[in-house]
Amino acid sequence: MKQQMVTGGGRLRGEIRVPGDKSISHRSIMLGSLATGTTRVRGLLRGEDNLATLQAFRAMGVRIEEPADGSLLIHGVGLHGLREPDGVLDCGNSGTTMRLMTGLLAGQRFFTVLTGDRYLRRRPMKRVVEPLTRMGGQIWGRNGGELAPLAIRGTALQGISHQSQVASAQIKSALLLAGLYAEGETVVHEPHLSRDHSERMLRYFGARLESLATGARLIPGRHLEGREVEVPGDISSAAFFMVAALIRPGSELLIRHVGVNPTRSGIIDILLAMGGSLELQNQRECSGEPVADILVRSSHLRGIEIGGDLVPRAIDEFPVIAVAAAFAEGETVIRDARELRVKETDRIAAMTAELGGLGAQVTALEDGMAIRGGVALGGGTASSHGDHRIAMSMAVAALGVAEPVTIVDTDCTETSFPGFWQLLEQSREL
Ligand code: S3P
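Criteria and thresholds
Residues numbered from 1 in each chain as written. Predicted model: local features only at pLDDT ≥ 70, side-chain atom pairs only at ≥ 80, totals over all residues. Heavy atoms only, no water. Helix = DSSP H or I, 4+ residues; strand = E, 2+ residues; numbered from the N terminus. Contact = heavy atoms within 4.5 Å. Buried < 20%, exposed > 50% of the residue type's maximum accessible area, 1.4 Å probe, protein only. Polar contact = N/O pair within 3.5 Å; in protein donor to acceptor, adjacent residues only side chain to side chain. 1 Å grid on protein atoms, 1.4 Å probe; cavity = no way out; pocket = protein on both sides within 12 Å on 5 of 7 lines; lining within 4 Å. Points joined across faces, edges and corners; volume = space filled by probe spheres on them. Nonpolar A, V, L, I, M, F, W, Y, C, P; charged D, E, K, R; others polar. Phe/Tyr/Trp six-rings, centres within 6.5 Å; stacked < 30°, edge-to-face > 60°. Lys NZ or Arg CZ within 6 Å of the ring centre and 35° of its normal. Domains from an automatic or database assignment. Buried area = accessible area lost by both parts, 1.4 Å probe. Salt bridge = Lys/Arg side-chain N within 4 Å of Asp/Glu carboxyl O. Core = buried A, V, L, I, M, F, W, Y, C linked by side-chain atoms within 4.5 Å. Expected span 1.5 Å × (residues − 1).

**Observations concerning unusual backbone geometry**
Here is step 1 of the chain: Put simply, Ala 148 and Pro 149 share a cis peptide bond, and its omega is 5 degrees.
Here is step 2 of the chain: Among the secondary structure elements, Pro 149 is positioned in strand β9 (residues 147-153).

Spelled out as structure tokens, the structure:
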């Protein structure tokens, strides 16, 4: 098990780029495989989660080349061209791979089994299994379909209208992908709009898809056409550097080419509301997704209250938001974020334990956290709980601690951010 010792201090200066967006990378592999013709993907994230998706499509007979220029060339097999894999498909740590693939595989003409690592095998799957079963899907899992491994016998599907209880892009996307194979339209409503990358990319590849205020409608019957996709930098990865630059005095960091899709940019709104200095420059569009450069300058942060529709717009950023809150003046209260309990780990419990372990005043709430900022943190040891975002958040916290902090179990950062530790050191002036 790897560990990393981080010694605090210094400031973040210069220009950086973060690796490609994880959500968009998954979708580009999936839709590129289901399209007719070739799809070239530039800027793909080669983290372990995305490699699990890539491997799954190769196992279903899709030829995917990796030319020397770093792009990915997918020879799409068309909607009905996938082949039955002769082994179990391993989704690793990736909830997106497992949930989206369950939708996609429900309408194939073959049998598949999906599994994942010990963290993924504990995460709830009924949220996709139940509505897919209503579409006619035949899916089995442990605990009545709640837990992976999942076995899927592809069958004919009918479109449904589904009211989701949680704002989850994974649920929405699983149903939309199943909807490509269903008879009649598939409609998904959610309590608040979750990230809409699937909708944007389905449209970009030629599907008939209508975005609703809080959901989407897919009308099947069209082929997908291979496209050129350029994946922007992942705002969820940029978030660690935004918070690092805000809390380290004297910092000025330009993070280039970051995806700023409004369904993902809650972190910017939250940090601005906390008094952070962030400027979006050079705003443009790239393969149907908004992109910008983000200039961050160190700032005096204040505690705020966070809840409602801001939560799904920043769902993966709460571990590092908790870190920002620990360095802010006053109290930050995060509510309506019960979903954090079923991420790669229980992120409410993990951040409460780990930030608390360094001396921060954090109280776990059933659906969030209350953090009293401005208390000096001390050195020590922090565990990642096997969760990439906990590991990286604790590394950012360590920058503001006088004594060294050792972060234990850090291999997990490879799932979403290969090169994180090197980039953190390169962008820091001591
Ligand atoms: C993702 C959706 C979110 C997010 C995850 C990636 C996606 O999960 O937390 O990291 O790519 O669709 P939920 O849909 O469960 O909220």
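There is more to say after this.
**Points about the side chain of Thr 115**
Here is step 1 of the chain: Here Thr 115 is to be found in strand β7 (residues 111-115).
Here is step 2 of the chain: Contact partners of Thr 115, with chain neighbours within four places excluded, come to Val 88, Leu 89, Asp 90, Cys 91, Gly 92, Met 98, Arg 121 and Pro 149.

**Digging into helix α11 (residues 347-357)**
Here is step 1 of the chain: By the burial criterion, the buried members of α11 are Arg 347, Ile 348, Ala 350, Met 351, Thr 352, Glu 354 and Leu 355.
Here is step 2 of the chain: On its buried face, α11 is in contact with α10 (318-326), β22 (361-365), β23 (368-372), β24 (380-383) and α12 (388-399).
Here is step 3 of the chain: Two or three places before Ile 348, at the opening of α11, Asp 346 has a side-chain oxygen 3.1 Å from that residue's backbone nitrogen.
Here is step 4 of the chain: Residue Gly 359 follows α11 closely and has a positive phi angle near 105 degrees.

**Some thoughts on the layout of surface pockets**
Here is step 1 of the chain: Looking at the largest pocket, its volume works out to about 650 Å³.
Here is step 2 of the chain: If you trace the largest pocket, you find 39 residues lining it, with Ala 167, Ser 168, Ile 315, Glu 339 and Lys 343 closest to the centre.
Here is step 3 of the chain: Where the lining of the largest pocket is concerned, the elements lending two or more residues are α1 (22-34), α3 (95-106), α6 (169-179) and α12.
Here is step 4 of the chain: With four residues, the single largest contributor to the lining of the largest pocket is α1.
Here is step 5 of the chain: Here the lining of the largest pocket is composed, by residue class, of nine nonpolar, 14 polar and 16 charged.

**Quick word on the packing of aromatic side chains**
Here is step 1 of the chain: Tallying each qualifying case throughout the model produces six aromatic pairs.
Here is step 2 of the chain: Relative to Phe 205, the ring of Tyr 204 has its centre 6.2 Å away and its plane inclined at 75 degrees; by these criteria the two rings are edge-to-face.
Here is step 3 of the chain: Measuring from centroid to centroid gives 6.1 Å for Phe 241 and Phe 417, while their planes differ by 50 degrees, and the two rings are tilted. Taken together, the positions of Phe 241 in helix α8 (residues 235-247) and Phe 417 in the loop between β25 (405-408) and α13 (420-426) put the pair 176 residues apart, joining distant regions of the chain.
Here is step 4 of the chain: What makes Phe 417 buried here is its relative accessible area of 1%.
Here is step 5 of the chain: Three or more aromatic residues joined by ring pairs form one cluster here, namely Phe 240, Phe 241, Phe 417, Phe 420 and Trp 421.
Here is step 6 of the chain: One residue, Arg 227, lies across the ring of Tyr 204, its end atom 4.1 Å from the ring centre.

**Description of the domain arrangement of the chain**
Here is step 1 of the chain: Domain parsing of the chain yields domain 1 (3-20 + 232-429) and domain 2 (22-230).
Here is step 2 of the chain: One C-alpha centre belongs to domain 1, the other to domain 2, and the line joining them spans 28 Å.
Here is step 3 of the chain: At the junction of the two partners, domain 1 supplies 32 residues and domain 2 supplies 28 residues.
Here is step 4 of the chain: Counting each side, the surface lost to burial between domain 1 and domain 2 is near 2,500 Å², with a carbon and sulfur contribution of 50%.
Here is step 5 of the chain: Three residues stand out in domain 1 for area buried against domain 2, namely Ser 287, Glu 344 and Thr 415, and they jointly supply 22% of the buried area on that side.
Here is step 6 of the chain: Across the pair Glu 339 and Arg 127 runs a salt bridge whose closest N-O atoms are separated by 2.9 Å.
Here is step 7 of the chain: Connecting domain 1 to domain 2 are 16 residue pairs in polar contact (both at pLDDT 80 or more).
Here is step 8 of the chain: Elements supplying a minimum of two residues to the side of domain 1 that touches domain 2: β19 (289-297) and α12.
Here is step 9 of the chain: Looking at the side of domain 1 that touches domain 2 residue by residue, the class counts come to nine nonpolar, twelve polar and eleven charged.

**Considering the nonpolar core**
Here is step 1 of the chain: With 76 residues, the main nonpolar core has Phe 241, Met 242, Ile 255 and Leu 355 as its most contacted residues.
Here is step 2 of the chain: The leading source of residues in this core is α8, at eleven residues.
Here is step 3 of the chain: Once you skip the residues sitting within four places of it in the chain, Leu 355 turns out to touch Ala 322, Val 323, Ala 326, Ala 360, Val 362, Leu 377, Met 394 and Ala 397.
Here is step 4 of the chain: Met 125, Leu 157, Ala 174 and Leu 177 belong to the second-largest nonpolar core, a separate cluster that totals 60 residues.

**Describing α8**
Here is step 1 of the chain: Compared with an ideal rise of 1.5 Å per residue, which puts 13 residues at 18 Å, α8 spans 18 Å between its outermost C-alpha atoms and is within 8% of the ideal.
Here is step 2 of the chain: Between a side-chain oxygen at the N-terminus of α8 and the backbone nitrogen of Ser 236 the separation is 2.8 Å; the capping residue is Asp 234.

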